[in-house]
Amino acid sequence: MKRYAIAQLQVDMDVSGRTLQQAEPYACEAEGPADIILTCDIGRIMELNPQLPNEEVAEYLGMGAAFARELLAFQGTYLHASAVILDGKAYLFSAPSGTGKSTHTEKWCRLFGATYLNDDKPALRLVDGVWMAYGTPWSGKHDLSDPKGVPLGGIAFLRRGQENSIRRLPSKEAIPRFMSQSLWRVSQQAQMEKQLMLADSILRQIPIWELTCRNDDDAARVAREAMLGTI
Amino acid sequence: MKQNSAFLLREVAGTLVIVPVGKAAAEFSGMITLNATSAYLWQLLETEQTVQTLTDALVARYEVQQSKAQQDVESFVSKLKLVGAITEDAQ
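Computed from a predicted model, the values in this text were never measured in an experiment.

What counts, and where the lines are drawn
Throughout this description, residue numbers start from 1 for each chain and increase along the sequence as written. Chains and ligands are labelled by the order in which they are written, letters from A for the one and numbers from 1 for the other. With pLDDT at 70 or above as the cut-off, local features in this predicted model cover only qualifying residues; side-chain atom pairs require 80 or more to be listed or tallied, and sums for whole chains, interfaces and linings still use all residues. Note: side-chain values were computed over all heavy atoms of the structure, leaving out hydrogens and water. Counting from the N terminus, the helices are the DSSP runs of H or I reaching at least four residues and the strands are the DSSP runs of E reaching at least two. Whether two residues touch is decided by their heavy atoms; if any such pair falls within 4.5 Å, the residues are in contact. In a helix, the anticipated span is given by 1.5 Å times the number of residues less one. Relative accessibility thresholds used throughout: buried, under 20% of the residue-type maximum; exposed, over 50%; partly exposed, between the two (1.4 Å probe, protein chains only). Two N or O atoms count as a polar contact when they lie within 3.5 Å, although within protein this holds only if one can serve as hydrogen donor and the other as acceptor, and sequence-adjacent residues are included solely when both atoms are side-chain atoms. Each salt bridge in this description consists of a side-chain nitrogen of Lys or Arg and a carboxyl oxygen of Asp or Glu lying within 4 Å of one another. Only Phe, Tyr and Trp rings take part, Trp by its six-membered ring, and two of them pair if their centres are within 6.5 Å. Stacked means planes under 30 degrees apart, edge-to-face means over 60, and tilted covers everything else. Either the NZ atom of lysine or the CZ atom of arginine qualifies as a charge over a ring when it sits within 6 Å of the ring centre and within 35 degrees of the ring normal. Summed over both partners, the accessible area (1.4 Å probe) lost when two parts come together is defined as the buried area. pLDDT gives the predictor's per-residue confidence on a scale running from 0 to 100.

**What to know about the side chain of Thr-15 of chain B**
Part 1 of the argument: Here Thr-15 of chain B lies in strand β3 (residues 15–20).
Part 2 of the argument: The contacts of Thr-15 of chain B, once residues within four sequence positions are left out, are Ser-171, Lys-172 and Ile-175 of chain A together with Arg-10 and Thr-33 of chain B.

Below, the structure is given as structure tokens:
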């Protein structure tokens, strides 16, 4: 198996096609035993998800899901989000597919000089009491990812609207949104308990926002001003 | 009706939620957050209940009007039914 360093964990997996290609920046020399060995049953994933176009996509999604479940054992989970780094911190923009996550983060890169951490499924881990965000090979169709990890600065849930506005979400509203875009379909009770514990910690430590936005540059300015604080 | 045992009540960042585990998780597509009243109703649903018994319990505990209590019960029960969090005995 090939060795990769993802989210500061030693990961072994044998992959091909798109997964292999997107994992390339994470390849490393094996040092000691792996923390995680990833496998998935491509045939079974195809069977359960007949809408998948081919085995390459099934492997990409199956390995991503396996990694997400394994992360739970390392104080980690993931969020379906486009993540950028600005001033040394990660800002995540999450929403159902098609809302405009990547469109929004492209503005952060162009206007503020932010860089992409991950464009689809960044990993989140609690390391020495600090929530960190990491790039992963599961970085979406444009494969925008950076293998590094930086402290998590904020999470915004995006929705389209007529005006640009941003507000802090109370936990009652934040929980369903976070869960619906994170690890949700777990079969074991212990995994769900762990996921809820991690969600609890994230929601207590990290500012969670709701960003209502038009698809314009002003939306990014409104978001940045609130999420980075006025300096 | 009573709780579907595949659903758990947990507290996340100060908010009570009901989440599915196992097979229920694969089919579930939403999430229920609870206030104090609905958390109490969920607790009662550990054993077999009807809209009537739940309404009576709310009236007794919170000193609310019967009609208001019944409204709350019906609204919560329909939410639970929607996600399959309660099971009904065959009559």
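**Details of helix α3 (residues 55–71) of chain A**
Part 1 of the argument: With 17 residues, α3 of chain A should reach 24 Å at 1.5 Å per residue; the first-to-last C-alpha distance of 24 Å fits that figure.
Part 2 of the argument: By the burial criterion, the buried members of α3 of chain A are Ala-58, Glu-59, Tyr-60, Gly-62, Met-63, Gly-64, Ala-66, Phe-67, Ala-68 and Leu-71 of chain A.

**Details of the environment of Arg-177 of chain A**
Residue and element names in this part refer to chain A.
Part 1 of the argument: You can see Arg-177 is positioned in helix α5 (residues 171–180).
Part 2 of the argument: Between the C-alpha atom of Arg-177 and that of Ser-94, which follows or precedes it by 83 residues, the distance is 8.8 Å.
Part 3 of the argument: Setting aside anything within four residues of it in sequence, one finds Arg-177 in contact with Phe-157, Arg-167, Leu-169 and Glu-210.
Part 4 of the argument: Within the structure, Arg-177 has its side chain in polar contact with the side chain of Glu-210 (distance 2.7 Å).

**Let's talk about the pattern of salt bridges**
Residue and element names in this part refer to chain B.
Part 1 of the argument: Inspection of every chain in the model, using the stated rule, returns 18 salt bridges over all chains.
Part 2 of the argument: A salt bridge links Glu-88 to Lys-81; the shortest N-O distance between them is 3.0 Å.
Part 3 of the argument: The class of Glu-88 is partly exposed, set by a relative accessible area of 48%.
Part 4 of the argument: Take Lys-81: its relative accessible area is 44%, and that puts it in the partly exposed class.

**Quick notes on the packing of aromatic side chains**
Part 1 of the argument: Applying the stated criterion across every chain yields a total of 5 aromatic pairs over all chains.
Part 2 of the argument: Centroid distance Phe-67 of chain A to Trp-138 of chain A: 5.3 Å. Interplanar angle 20 degrees. Geometry classified as stacked. In this pair, Phe-67 of chain A sits in helix α3 while Trp-138 of chain A sits in the loop between β9 (130–134) and β10 (149–160), placing the two residues 71 residues apart along the sequence.
Part 3 of the argument: Residue class for Phe-67 of chain A comes out buried when judged on its relative accessible area of 3%.
Part 4 of the argument: You can call Trp-138 of chain A buried: its relative accessible area is 3%.
Part 5 of the argument: Connected via pairs of aromatic rings, a cluster forms that spans Tyr-91, Phe-93, Trp-108 and Phe-112 of chain A.
Part 6 of the argument: In this structure, Arg-224 of chain A is placed above the aromatic ring of Phe-112 of chain A, and the distance from its NZ or CZ to the ring centre is 4.6 Å.
Part 7 of the argument: Over the aromatic face of Tyr-40 of chain B sits the side chain of Arg-61 of chain B, whose NZ or CZ is 4.1 Å from the ring centroid.

**Observations concerning the interface of chain B and chain A**
Part 1 of the argument: Counting from both sides, the interface comprises 20 residues of chain B and, opposite them, 17 residues of chain A.
Part 2 of the argument: On the chain B side of the interface with chain A, the three residues burying the most area are Val-12, Ala-13 and Met-31 of chain B, jointly 33% of the side's total.
Part 3 of the argument: Linking chain B with chain A are 2 salt bridges.
Part 4 of the argument: The salt bridge partner of Arg-204 of chain A is Glu-11 of chain B, with a shortest N-O separation of 3.2 Å.
Part 5 of the argument: The tally of links from chain B across to chain A stands at 7 residue pairs in polar contact (both at pLDDT 80 or more).
Part 6 of the argument: Every element with two or more residues in the side of chain B that touches chain A is listed here: β2 (7–12), β3, α1 (23–27) and β4 (32–34) of chain B.

**What about the confidence of the model for chain B?**
Part 1 of the argument: For chain B, mean pLDDT is 90; residues scoring 70 or higher make up 91% of the total.
Part 2 of the argument: Per-element confidence in chain B is highest for helix α3 (residues 51–62) of chain B, whose mean pLDDT is 96, and lowest for α1 of chain B, whose mean pLDDT is 69.

**Section: the environment of Met-132 of chain A**
Residue and element names in this part refer to chain A.
Part 1 of the argument: Assignment of secondary structure puts Met-132 in strand β9.
Part 2 of the argument: Distance in space between the C-alpha atoms of Met-132 and Ala-7 is 8.7 Å, their sequence separation being 125 residues.
Part 3 of the argument: Ignoring any residue separated from it by four or fewer positions in sequence, one finds Met-132 in contact with Ala-123, Leu-124, Arg-125, Val-127, Gly-149, Val-150, Pro-151 and Leu-152.

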